[in-house]
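Here is how the chains run, residue by residue.
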Amino acid sequence: IDKALSGVEKLGNPWGKKQADRLNWQKRYNIPDFLVESEYYLFSCCTETYAEENSPLAQSTPALAQLMSMAEISFGTRGDKQVCCGDIAKNSGDKELTRTNSDKNFALFDHIGNKKIVTTSPHCYAALQDKIDAQSKNIDVVHSVSLLDKLIKENKLTPLKKLNHTVTYHDPCYLGRHQKIFDEPRNILQSIPGLKLIEMQNHKTRSLCCGGGGGGVFNPAAMSPENSRIRLDEAISTGAELLVTSCPYCLHMFEKTINGHNLMNNIKVIDLSELLLKSMEVSSKQEISEEKETVHA
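## Overview of the overall build of the protein chain
Part 1 of the argument: A count of helical and extended segments in the protein chain gives 13 helices and eight strands.
Part 2 of the argument: For a compact globule of 297 residues, the expected C-alpha radius of gyration is about 19 Å, and the protein chain comes in at 19 Å, within 12% of that figure.
Part 3 of the argument: For the protein chain, the spread of C-alpha atoms along the three principal axes comes to 60 × 45 × 30 Å.
Part 4 of the argument: Expressed as a percentage of the 297 residues in the protein chain, the buried residues total 53%.

In structure tokens:
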């Protein structure tokens, strides 16, 4: 935890990475700079920003960005200026560091004239909302699942590609019990053709923690099987092929445990934004390829 807090204080992120690497991440996924005319500021969580490129963690915000582009919503980010939301500092009781980081981010929002923020992280969402409430800021912050559910209902996004998967959904603590966002992610899953949702015994208000909250994601001891392994065993018992969630911490904890316990053939973890994008990606090239496979079969 001390190392993570030091990283937040000195480098603006709990992973001890260079600020320039956040800009590299933005360029890698072609996420545009925030402009005066942009509707949403895309707030990326440090955990996904500094994840390895091939990790499920690295795909959630780029997937959200593609979905927003499909819905013709203007957005952007500022990888050179944004710092940690302050969640780790807040949960560790470091009020001064929490305030310092919040002030830096909101000075950025004020400077660029931003009034709307969207993030894939429930922890970023909560930290930003706390600051907005505390200072009566005229800024709206929304979690990605709420925005995507809204876009589907408004017919701005229409999942068309059939995904023949059995899935189960893990309610992140900060999105579910803390924010009461239970229906929106399930609405999205139910909108995807071919998808079968099976609930775990402990879901919604009874959902089990992945073990990453409260600084657990930065604590090597928390990477032991306890919380995340118990939850994975429950997910595997449903017979689901995919464990879907909407939180970088949950993705991080489950991915580490799956790899650490050789569970890759039992279940895979995926962010809800990425799964939705897969159902939106129906190109003529893909359709032609599928037709050829059918003919040869």
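## A few points about the packing of aromatic side chains
Part 1 of the argument: Counted by the stated rule, this structure contains six aromatic pairs.
Part 2 of the argument: For the pair Y41 and F43, a centre-to-centre distance of 6.4 Å together with 55 degrees between the ring planes defines the contact as tilted.
Part 3 of the argument: For Y41, a relative accessible area of 0% gives the class buried.
Part 4 of the argument: Residue classification places F43 among the buried positions, given a relative accessible area of 1%.
Part 5 of the argument: Taken together, F34, Y41, F43, F106 and F109 form an aromatic cluster joined through their ring pairs.

## Regarding the sheet that holds strand β3 (residues 116–119)
Part 1 of the argument: The strand order across the open sheet built from four strands is β2-β1-β3-β4, with neighbouring strands paired in parallel fashion. The open sheet has two edge strands with one neighbour each: β2 (75–76) and β4 (140–143).
Part 2 of the argument: As judged from the three bridges shared by strand β1 (residues 40–43) and β3, these two strands associate in the parallel manner. Bridging from a neighbouring strand, Y41 pairs with I117 of β3.
Part 3 of the argument: The strands touched by helix α4 (residues 60–70) within the sheet are β1, β2 and β3, with β1 carrying the most contacts at an inclination of about 160 degrees.
Part 4 of the argument: Lying on the sheet, helix α8 (residues 144–153) is in contact with β1, β3 and β4; it crosses β4 at an angle near 85 degrees.

## Remarks on the sheet that holds strand β5 (residues 166–169)
Part 1 of the argument: Across the sheet, four strands lie side by side as β6-β5-β7-β8; this open sheet has parallel pairing. In this open sheet, the two edge strands, each paired with only one partner strand, are β6 (196–197) and β8 (268–271).
Part 2 of the argument: Where strand β7 (residues 242–245) meets β8, four bridges bridge the pair, whose relative direction is parallel. When the sheet's bridge partners are listed, V244 is paired in β8 with I270.
Part 3 of the argument: The sheet strands contacting helix α11 (residues 248–260) are β7 and β8, and the helix crosses β8 at an angle near 160 degrees.

## Some words on the pairing of β5
Part 1 of the argument: Going residue by residue along β5, you find T166 and T168 tucked away on one face and V167 and Y169 tucked away on the opposite face as well.
Part 2 of the argument: As paired strands, β5 and β6 are joined by two bridges and run parallel to one another. Across the sheet, V167 pairs through a bridge with L197, a residue of β6.
Part 3 of the argument: A crossover links β5 with its parallel partner β6, the connecting element being helix α9 (residues 183–191), and its sense is right-handed.
Part 4 of the argument: Of the pairings in the sheet, the one linking β5 to β7 comprises three bridges and is parallel in character. For V167, the partnering residue across the bridge sits in β7 and is L242.

## Re the pairing of β3
Part 1 of the argument: Note that β3 and β4 share four bridges and pair parallel. Bridged to K116 within β4 is D140.
Part 2 of the argument: In this view, the connection linking β3 to its parallel neighbour β4 by way of helix α7 (residues 122–135) has right-handed handedness.

## Looking at unusual backbone geometry
Across the chain, the bulk of peptide bonds are trans and the bulk of non-glycine residues have phi less than zero.
Part 1 of the argument: Although it is not a glycine, N30 sits at a positive phi angle of roughly 55 degrees.
Part 2 of the argument: One can find N30 in the loop between α2 (19–28) and β1.
Part 3 of the argument: A positive phi is found at K204, a non-glycine position, where the angle reads about 55 degrees.
Part 4 of the argument: Among the secondary structure elements, K204 is positioned in the loop between β6 and α10 (226–237).
Part 5 of the argument: Judged by relative accessible area, which is 30%, K204 ranks as partly exposed.

Cut-offs and rules
Residues numbered from 1 in each chain as written. Predicted model: local features only at pLDDT ≥ 70, side-chain atom pairs only at ≥ 80, totals over all residues. Heavy atoms only, no water. Helix = DSSP H or I, 4+ residues; strand = E, 2+ residues; numbered from the N terminus. Rg over C-alpha atoms; globule rule 2.2 N^0.38 Å. Buried < 20%, exposed > 50% of the residue type's maximum accessible area, 1.4 Å probe, protein only. Phe/Tyr/Trp six-rings, centres within 6.5 Å; stacked < 30°, edge-to-face > 60°. Pairing = 2+ DSSP bridges. Contact = heavy atoms within 4.5 Å. Axes fitted to C-alpha atoms, helices over the stretch in contact; angles between N-to-C directions. Right-handed = clockwise from strand over helix to strand, strands pointing away.

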